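# Structural overview
Next come the chains, spelled out residue by residue.
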Amino acid sequence: MTERRQRVPDVFDEARRRCHAGETVALATVVATWHSAPQPPGATMLVAADGTVTGSVSGGCVEADLYERARRVLVTGAPELIRYGVSDDDAYAVGLTCGGALDVFVERVDPDALPGLDAVAAARRAARPAAVVTCVAADAGGSPADVGAAPADVGDPPGLGDAPGALSTDPAGRLGRRLVLTDQRVIGSLGDDRLDDAASADALGLLAAGRSGMLRYGYSGQRRGSGVSLFVTAYATPPRMIVFGAIDFAAAVARIGAFLGYRVTVCDARPVFTTARRFPDADEVVVQWPHRYLRAEADAGRVDERTAVCVLTHDPRFDVPLLEVALRHPLAYVGAMGSRRTHDDRLKLLGEAGLTEAQLARLASPIGLDLGGRTPEETAVSVAAQIVAARWGGTGRPLAALDGPIHRPG
């Protein structure tokens, strides 16, 4: 038995909803970042004609200026590429306080874009990947647009305040063109068949890696790195978090997993406890023996190197056979709740089952970081912190005790 829930609409959903209502919106997308930029490439902010704002690109540093630019793009229809760098001593200067820099592409999206938006929406509903390739800078001359090239002096980044079109000559009208890719359809064109072919192949590579990013080509698809800059927005399938054990701690872990963007499954063999009502933040609630469910999902290719597995069953009948399956697969994270004595007993049983030392070393047990928490919610924060640290190579130590950049590359 499986029960599912619906997520709160995001920027993409809001853009599509408004276009279906016949409205035109302005969409601002972070297309390149350097140093400690507050948001990664792909972060978006939508400004509707009625002034409504959805999403954010910098956590508040440049949104006011970007709002005015987006309103202008709504009127003119001319896309803009803006570079924001470090703010100066003027309290009213526009810029970032974090020491980074970012480029933001602002475009108008109207109901004519609905075929592409609907295709991406259909792919997302079916948990299939999709990508949107947008030309954000174009220069038919010999030098590429500066977007994507790190500024020489981040304290005075070039491009800030440039007028629309200042980074591009674009005689063939490439700027703002879109190409939408799903596993079933290709919609739109960047203005040249060879450019479409080159961009499609490389965009699918980014999509397979699950990340958004910049591509550069000659004006007709030549792989020379100058001419047009294309930003690929990757709508990869969200990573999975599978929480085993229908207990209060599982409800809290499911809640924070959904907050982090995981598609969350709660699984337990006991139907009386395993209900959607008890786990409203889970995308699906499954009644099944845990090890059988995970093995079936792995055999079907529905778990991968991004999957986090949290074993909260507290019962060796469940968790030992489950961990034997989990640790034999290259998952991103495998954590198990229990005391140190329980952990030692598990290791002995798992070793007897034939797991290697390297496989056993991947087990995060007792689960979570040492935050001193006791409640289910506090425990969930410690588990989430450990998962984030494992994903990005964090130490789990206080930032104040460390030197160097706060944000790690990747």
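Everything that follows concerns the structure shown earlier in this document.
What this report covers is the structure whose coordinates are included nearby. Only a predicted model underlies this, so the values are computations on that prediction, with no experimental measurement involved. (Residues numbered from 1 in each chain as written. Predicted model: local features only at pLDDT ≥ 70, side-chain atom pairs only at ≥ 80, totals over all residues. Heavy atoms only, no water.)

### With respect to the overall build of the protein chain
Helix and strand counts for the protein chain stand at 10 helices and 17 strands. Excluding contacts between residues fewer than 6 apart, the proportion of contacts in the protein chain whose partners are at least 24 apart in sequence is 64%. For the protein chain, the exposed area adds up to about 19500 Å²; of that, 51% sits on carbon and sulfur atoms. (Helix = DSSP H or I, 4+ residues; strand = E, 2+ residues; numbered from the N terminus. Contact = heavy atoms within 4.5 Å. Areas by Shrake-Rupley, 256 points an atom, 1.4 Å probe, with all protein chains shown as cover.)

### Points about the sheet that holds strand 10 (residues 213–217)
Judged by pairing direction, the sheet is antiparallel, and its 5 strands sit side by side in the order 9-8-7-11-10 without closing on themselves. Because the sheet does not close on itself, it has two edges, and the strands there are strand 9 (186–188) and strand 10. The average angle at which neighbouring strand axes cross in this sheet is 20°, direction not considered. Two strands pair when backbone bridges link them, and strand 8 (residues 178–182) and strand 9 are joined in this way by 3 bridges, in the antiparallel orientation. Across the sheet, Leu179 pairs through a bridge with Gly188, a residue of strand 9. (Pairing = 2+ DSSP bridges. Axes fitted to C-alpha atoms, helices over the stretch in contact; angles between N-to-C directions.)

### Some details on helix 7 (residues 316–326)
Since there are 3.6 residues in each turn of an α-helix, residues three or four apart along the chain are aligned in direction. Within the span of helix 7, buried status applies to Phe318, Asp319, Val320, Leu322, Leu323, Val325 and Ala326. The inward-facing, buried residues of helix 7 contact strand 12 (240–244), helix 6 (290–299), strand 15 (308–311), strand 16 (333–336), helix 8 (340–352) and strand 17 (363–364). (Buried < 20%, exposed > 50% of the residue type's maximum accessible area, 1.4 Å probe, protein only.)

### Overview of a nonpolar patch on the surface
Together, Phe259, Leu260, Val388 and Trp392 make up a nonpolar patch on the protein surface, roughly 410 Å² of accessible area in all. Position of Trp392 among the secondary structure elements: in helix 10 (residues 376–392). A residue is classified by how much of its surface remains accessible, and Trp392, at 39% relative accessible area, is partly exposed. (Patch = residues over 30% accessible without salt bridge, like charges linked within 9 Å, V, L, I, M, F, W, Y side chains within 5 Å. Salt bridge = Lys/Arg side-chain N within 4 Å of Asp/Glu carboxyl O.)

### Some thoughts on the packing of helix 6 against helix 7
In the contact formed by helix 6 and helix 7, the axes pass within 8 Å of each other and the chain directions differ by 15°. In terms of axis orientation, helix 6 runs roughly parallel to helix 7. Seen along the crossing, helix 6 lies across helix 7 with a hand that is right-handed. Here Pro290, His291, Leu294 and Arg295 of helix 6 come into contact with helix 7, specifically with Phe318, Pro321, Leu322, Val325 and Ala326. (Parallel < 35°, antiparallel > 145°, perpendicular 65-115°, else oblique. Left-handed = near helix turned anticlockwise from the far one by under 90°.)

### Examining the side chain of Asp268
Checked against the element boundaries, Asp268 lands in strand 13 (residues 263–268). One polar contact links the side chain of Asp268 to the main-chain amide nitrogen of Ala246, over a distance of 2.8 Å. (Polar contact = N/O pair within 3.5 Å; in protein donor to acceptor, adjacent residues only side chain to side chain.)

### Examining the packing of aromatic side chains
The final tally for this structure, using the stated rule, is 3 aromatic pairs. Centre to centre, the rings of Trp289 and Phe318 are 5.0 Å apart; their planes meet at 45°, and the pair counts as tilted. Of this pair, Trp289 sits in the loop between strand 14 (284–287) and helix 6 while Phe318 sits in helix 7, and the two are 29 residues apart along the sequence. Residue Trp289 is classed as partly exposed on the basis of its relative accessible area of 32%. Overall, the relative accessible area of 7% leaves Phe318 in the buried class. (Phe/Tyr/Trp six-rings, centres within 6.5 Å; stacked < 30°, edge-to-face > 60°.)

### Looking at helix 4 (residues 193–209)
Here helix 4 spans 25 Å end to end across 17 residues, near enough to the 24 Å set by a 1.5 Å rise per residue. The complete set of buried residues in helix 4 reads Leu195, Asp196, Ala198, Ala199, Ser200, Ala203, Leu206 and Leu207. Along its buried surface, helix 4 packs onto strand 7 (130–138), strand 8, strand 10 and strand 11 (228–235). Looking at where helix 4 begins, the residue whose side-chain oxygen comes 2.9 Å from the main-chain nitrogen of Arg194 is Asp192. After helix 4 finishes, the residue Gly210 shows a positive phi value of roughly 75°. (Expected span 1.5 Å × (residues − 1).)

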